[in-house]
Amino acid sequence: MMKKKTISYSLAALAVLAGIGVFGRLWVVMDSSRSAVADNKTQLADFHSTDAAAIKRGEYVMRLSDCAACHKQSFSGGYKISTPFGALQTSNITPDRDTGIGNMTERDFFNAIRLGRGEKGMLYPAMPYTAYAKLSDQDMHDLWAYMSTLKPVNNAVDENGGMNFPYNIRLAMAGWNLLFFDNSAFQPESLRTVKISQENLDQINRGKYLVDGPAHCSVCHTARNALGGEISSQYLQGGQLGAWFAPDITPNPHVGIGDWSNAQITQYLKTGSDGKNVAAGPMSEAVEHSMQYFTDDDLQAVAAYLKHLPASKTSAPQTFTMDETHRKKGALSFEVNCSACHGVQGEGINGMIPAFAGNRSMLNDPTNMISAMLNGTRAANTSVRPTAAGMPAFDWKMSDQQMADVLNYVRNSWGNKASEVTPEQVAAMRSKTGARAKIEAHSNH
């Protein structure tokens, strides 16, 4: 009897210790005490900053953080984000008291941005607080000053009404944060770990801050596990993003940016094209709303940091040989439907239409090419390249097999060698995105 009691007491003690450990971990995850500048007790609706320099810096932080892409130019929210767990709508972040964040104090604002703790409960990581946790106190303080200048917009948004049960229960995010959220300040690299000059180290650390913090690159470019947590061992090595694929942006020579120069990277981020590749889908939005506004120094810092990273271990895509019948069909379809823009020899149009010939980026995961062919897309509209060329949808015009033939043709011509695109892959994307079926011509006879 005594032995059973001893075991029971031991188990109870272990349970208490485990509970203390979990509570302690959660306390660390949600601790907001590291910020000493969020002392303004005034609510945003009543606060109107007069610090012109802080407002200007805060607007730049907003651009670095790509707030307008999700919350819209008016910042009134309502942008739909599809996730594997259901659909979210972005919140109204104007100073409106009833439907926005007008009742937030600066501390509330810090907690929402850096901890994912909003007025309606815990936020979902589609709002990248997991990256914004790295934002400096000064950047947050300046962003608060800028937010006070926005026009209040009355727009009620049902933010998580489209989430599936039980993911629509915000409290569940406490467990997710416990598992995956790192609430620690930005940690720069040092000369002990990076054997370069102090000047180059400063540039790399600025790039690291931008990539890991406001620009939140890993949110898209890092693979996630079944619960939506980033897989740290696959940092920036590519990730699925709904109907798009955010590619590997490490210096991998096969599927990454190994053969990109720093100048090509900065040009691509600034304009949406390096002359051969053209940003599309979510990346087009990021360039248009955010990266075109980066200073040249910051763009160069991002490039320096990315090129400094170790290359992923991903090998070159496995190639295949097209069946001659399908190759001829693909070539004819390309000539009829694609060559006017992409060129007879796949040369594209510099800065506007992506080239296929000699373009290694086209040889990677085919998700983006399938999505663009099915549903169309457009390039970023930037001050340097204001003509945002559009790609029409071909879902109504081509069957799954016809689309696979065209894609295989361009991915295996002009020196290209890529893996096979199957009709099943096209069909799966057609279903996933709700693209139309091919419209069959009917004879009147």
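Below is a summary of the structure that appears in this document.

**Focus on the overall build of the protein**
So, step 1. Along the protein, the regular secondary structure elements total 17 helices and 9 strands.
So, step 2. Against the compact-globule benchmark of 22 Å for 445 residues, the protein has a radius of gyration of 25 Å, which places it among compact chains.
So, step 3. Going through the 445 residues of the protein one by one, you find that 48% of them count as buried.
So, step 4. Sequence separation of 24 or more characterises 66% of the internal contacts of the protein that already satisfy a separation of 6 or more.
So, step 5. For the protein, the accessible surface area stands at approximately 22000 Å², while carbon and sulfur atoms represent 57% of it.
So, step 6. Computing the positive centroid from 41 side-chain charges and the negative centroid from 41, the protein places the two 5 Å apart.

**Looking at the pattern of salt bridges**
So, step 1. Scanning the model with the defined rule gives 12 salt bridges in all.
So, step 2. Residues Asp137 and Arg114 are paired through a salt bridge, measuring 2.9 Å at the closest nitrogen-oxygen approach. Of this pair, Asp137 sits in helix α6 (residues 137–147) while Arg114 sits in helix α4 (residues 106–115); the two residues are 23 residues apart in sequence, bridging distant segments of the chain.
So, step 3. A salt bridge links Asp259 to Arg360; its shortest N-O distance comes to 3.8 Å. With Asp259 in the loop between β7 (244–246) and α10 (262–271) and Arg360 in the loop between α14 (339–342) and α15 (367–375), the pair connects residues that are 101 residues apart, well separated along the chain.
So, step 4. Taking relative accessible area as the criterion, Arg360 reaches 37% and is therefore assigned partly exposed.
So, step 5. Each member of the salt-bridge network shares a partner with another, and the members are Lys120, Glu159 and Arg170.

**Details of the environment of Ala45**
So, step 1. By the secondary structure assignment, Ala45 is in the loop between α1 (2–30) and α2 (52–65).
So, step 2. C-alpha of Ala45 to C-alpha of Gly330: the two residues are 285 residues apart in sequence and 59 Å apart in space.

**Describing α4**
So, step 1. The buried fraction of α4 is high, at 8 of 10 residues.
So, step 2. Within the span of α4, buried status applies to Glu106, Phe109, Phe110, Asn111, Ala112, Ile113, Arg114 and Leu115.
So, step 3. Phi turns positive one or two residues past the end of α4, at Gly116, with a value near 70 degrees.

**Let's talk about the pairing of strand β1 (residues 80–83)**
Across a regular strand the side chains alternate sides, sitting on one face of the sheet and then on the other.
So, step 1. Relative to strand β2 (residues 86–89), β1 runs antiparallel, the two sharing 4 bridges. Note that in β2 the partner of Thr83 across the bridge is Gly86.
So, step 2. Connecting β1 to the next strand, β2, in antiparallel fashion are 2 residues.

**Describing the side chain of Thr367**
So, step 1. Within the element layout of this structure, Thr367 appears in helix α15.
So, step 2. The residues touching Thr367, leaving out its near neighbours within four places in the chain, are Gln240, Ala243, Trp244, Phe245 and Met429.

**Remarks on the sheet that holds β2**
So, step 1. Strand order in the open sheet formed by 3 strands is β1-β2-β5, with antiparallel pairing between adjacent strands. The open sheet terminates on both sides in strands that have one partner only, identified here as β1 and β5 (162–163).

Cut-offs applied
- Residues numbered from 1 in each chain as written.
- Predicted model: local features only at pLDDT ≥ 70, side-chain atom pairs only at ≥ 80, totals over all residues.
- Heavy atoms only, no water.
- Helix = DSSP H or I, 4+ residues; strand = E, 2+ residues; numbered from the N terminus.
- Rg over C-alpha atoms; globule rule 2.2 N^0.38 Å.
- Buried < 20%, exposed > 50% of the residue type's maximum accessible area, 1.4 Å probe, protein only.
- Contact = heavy atoms within 4.5 Å.
- Areas by Shrake-Rupley, 256 points an atom, 1.4 Å probe, with all protein chains shown as cover.
- Lys, Arg positive; Asp, Glu negative; His and termini not counted.
- Charge placed at Lys NZ, Arg CZ, Asp CG, Glu CD.
- Salt bridge = Lys/Arg side-chain N within 4 Å of Asp/Glu carboxyl O.
- Pairing = 2+ DSSP bridges.

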